[in-house]
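Chain by chain, the residues:
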Amino acid sequence: MTPYAGNDANFPTTVSQPDNSDLINPAAGTLNVPSQGTLDRTAYLHKRLAAAPACSWEPQVAMVSSCDNAAWSSKGGYWWACGGGNADLIKATPDYGKSWSSVVPGALGLLVYSLDFDLAGNACVVSTGGAAAQRIYSYTFATATWSVSGAGFGLIGTVNKARVRFEQTNSVWACFYNDTTAVTGAMRVSTSLDRVTWTDRTASLPSAFVVVTTQTPHIGVGGGNIVAAFKSSATTVNVARAVASAPTVWVGATITTTTITAITDCSDPAYSNEDATWQLAICGTTAGNNVTEFYKSTDGGQTWTLSATIATSGLRVGYLANLGHLFAGLSLDGFIVYSLDLGTTWFPAGMKCATPGATNVSLWSGGGGLLVVDYGVGANSRTSAIRLSNLGAVALT
């Protein structure tokens, strides 16, 4: 495999269909990866991820409108996907995208922007508008019931965009959102231990977060930490990190891009439990050419260093996901790249994993695999997925 070298020479533009019968179990949709100790697992992953069917398309004609966020429930063993385009748009799939059904009973009046699960299968769902207005709803797995969060509904001001995540080590929920209220607005963080009572942590954030902006809030959890990030200017991304068990203290950092002169956006920070490493992708342009810069943190998200730059016309990586030693990135036009060396070297995954013409794409990890969700073509969202199994020492689950 040849990594990206700052040009288009190795960038895939066509899709071939080689015989991968030695790699794929079509019925299970999983990888048949040998577990012998002599196997060069890194080389094997390169071979597999570079194959054209690295992400197998699963058209979802019944998954109507703009699903663009997703989360995996390890308790229930299914994916949920959501979007703010339609009221009460939350779908679930028990078979990794082959079939979807609605999981919202009746009409809650939600315009769902983000969701996540805890280890017991309970979910928090953030609504940024609709008949139910802006609030955080919770779903209880054991009783399959929905309830609204406590006083203030967990959100403050006029919410434009939001992300919610569950930090497993300390069982802490965190919601990062932008309050666009004139003068008093800010990028805000609220945390909860019970999905009902939420505490605003905005006063503890770095001063750079006290700004009225419509930029997308990005948040990641892992290693006992919460890391929030957002585009703050054409060449900067502001990052704040807190220990999840003590979210009253946030350490701030400003990442200034090296070559990008016009940032499009950054990714959600992605964490590897295998390597205790964070990755953040910043995409944009320089002199009209697409560029992605990858940044790495080895101190829990407090400081960041540039680890790689991809300057290729067809690639702006706006999403990152992690499975063990594997970091995967999704460009805004649907191409997958991956790294097995903590973001130093990135390779093309050999296939465009989005509907041609899709206006929104996103990448998510869970269930030992990756899920791509896109929308913007016709009335349907569409997903593609890959599951990595039986990887022995590499343990990408």
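Residues numbered from 1 in each chain as written. Predicted model: local features only at pLDDT ≥ 70, side-chain atom pairs only at ≥ 80, totals over all residues. Heavy atoms only, no water.

Caption draft 1: Representation of the sheet that holds strand 5 (residues 78–82). Judged by pairing direction, the sheet is antiparallel, and its 4 strands sit side by side in the order 4-5-6-7 without closing on themselves. Each end of this open sheet is capped by a strand with a single partner; those strands are strand 4 (69–73) and strand 7 (101–102). (Pairing = 2+ DSSP bridges. Helix = DSSP H or I, 4+ residues; strand = E, 2+ residues; numbered from the N terminus.)

Caption draft 2: Representation of the side chain of Ser297. Structurally, Ser297 can be placed in strand 23 (residues 289–297). Within polar-contact distance, the side chain of Ser297 engages the backbone nitrogen of Gly301 at 2.9 Å. Leave out the neighbours within four places in its chain, and Ser297 touches Ala276, Thr277, Trp278, Gln302, Thr303 and Trp304. (Polar contact = N/O pair within 3.5 Å; in protein donor to acceptor, adjacent residues only side chain to side chain. Contact = heavy atoms within 4.5 Å.)

Caption draft 3: Representation of the pairing of strand 9 (residues 123–128). Taken across its 6 residues, strand 9 has 6 buried, putting it largely inside the fold. Pairing between strand 8 (residues 112–117) and strand 9: 5 bridges, direction antiparallel. Directly across from Ser114, in strand 9, lies its bridge partner Val126. What sits between the antiparallel neighbours strand 8 and strand 9 is a turn of 5 residues, in which Gly121 has the positive phi angle 85°. Relative to strand 10 (residues 134–140), strand 9 runs antiparallel, the two being bridged by 6 bridges. Within strand 10, the residue paired with Cys124 across the bridge is Ser138. (Buried < 20%, exposed > 50% of the residue type's maximum accessible area, 1.4 Å probe, protein only.)

Caption draft 4: Structural detail: the confidence of the model for the protein chain. Averaged over all residues, the pLDDT of the protein chain equals 77, while 73% of them reach at least 70. Note on residues 4–42: pLDDT under 50 across the span, and 76 contacts to partners over four residues away in sequence or across chains. Confidence drops under pLDDT 50 across residues 50–62; counting only partners more than four residues distant or on other chains, this segment forms 54 contacts. (pLDDT = per-residue confidence, 0-100.)

Caption draft 5: Region of interest: the side chain of Ser127. Counting through the fold element by element, Ser127 comes out in strand 9. Setting aside anything within four residues of it in sequence, one finds Ser127 in contact with Leu110, Leu111, Val112, Ala133, Gln134, Arg135 and Leu155.

Caption draft 6: A look at unusual backbone geometry. One non-glycine residue, Ala144, lies in the positive phi region at around 55°. Along the chain, Ala144 falls in the loop between strand 10 and strand 11 (145–148). Given a relative accessible area of 46%, Ala144 falls into the partly exposed group. The residue Ala287 is not glycine, and still its phi comes out positive at about 55°. The class of Ala287 is exposed, set by a relative accessible area of 73%.

Caption draft 7: The sheet that holds strand 12 (residues 159–167), seen in detail. In space, the 4 strands of this open sheet follow the order 12-13-14-15, with antiparallel pairing throughout. Taken across any chain shown, the strands that pair with only one partner, and hence form the sheet edges, are strand 12 and strand 15 (199–200). As defined by bridge partners, strand 13 (residues 172–179) adjoins strand 14 (residues 186–192) across 7 bridges and the pair is classed as antiparallel. Looking at strand 14, one finds that Trp173 is bridged to Ser192.

Caption draft 8: Structural view of the pattern of salt bridges. Per the stated rule, a full pass over the model turns up 4 salt bridges. Note that Asp179 and Arg188 form a salt bridge whose closest N and O atoms lie 3.0 Å from each other. As far as burial versus exposure is concerned, Asp179 and Arg188 are alike and both buried. Between Arg188 and Asp200 there is a salt bridge; the shortest N-O distance is 3.5 Å. Residue Arg188 is found in strand 14, and its partner Asp200 is found in strand 15; the two are separated by 12 residues along the sequence. (Salt bridge = Lys/Arg side-chain N within 4 Å of Asp/Glu carboxyl O.)

Caption draft 9: Broad picture of the packing of aromatic side chains. Applying the stated criterion to the full structure yields 12 aromatic pairs. When the ring of Trp72 is compared with that of Trp79, the centres are 5.7 Å apart and the planes differ by 65°; the resulting orientation is edge-to-face. The partly exposed category is assigned to Trp72, whose relative accessible area is 23%. Here the aromatic rings of Phe294 and Trp346 are separated by 4.0 Å at their centres, their planes lie at 15°, and the arrangement is stacked. (Phe/Tyr/Trp six-rings, centres within 6.5 Å; stacked < 30°, edge-to-face > 60°.)

Caption draft 10: Inspection of the environment of Pro269 at higher detail. The residue Pro269 is located in the loop between strand 20 (262–266) and strand 21 (270–272) in this model. Look at Pro269 and you get buried, because its relative accessible area is 7%. A sequence separation of 32 residues divides Pro269 from Gly301, and the C-alpha atoms of the two residues are 8.7 Å apart. Setting aside anything within four residues of it in sequence, one finds Pro269 in contact with His218, Ile219, Gly220, Val227, Ala229, Trp278, Gln279 and Leu280.

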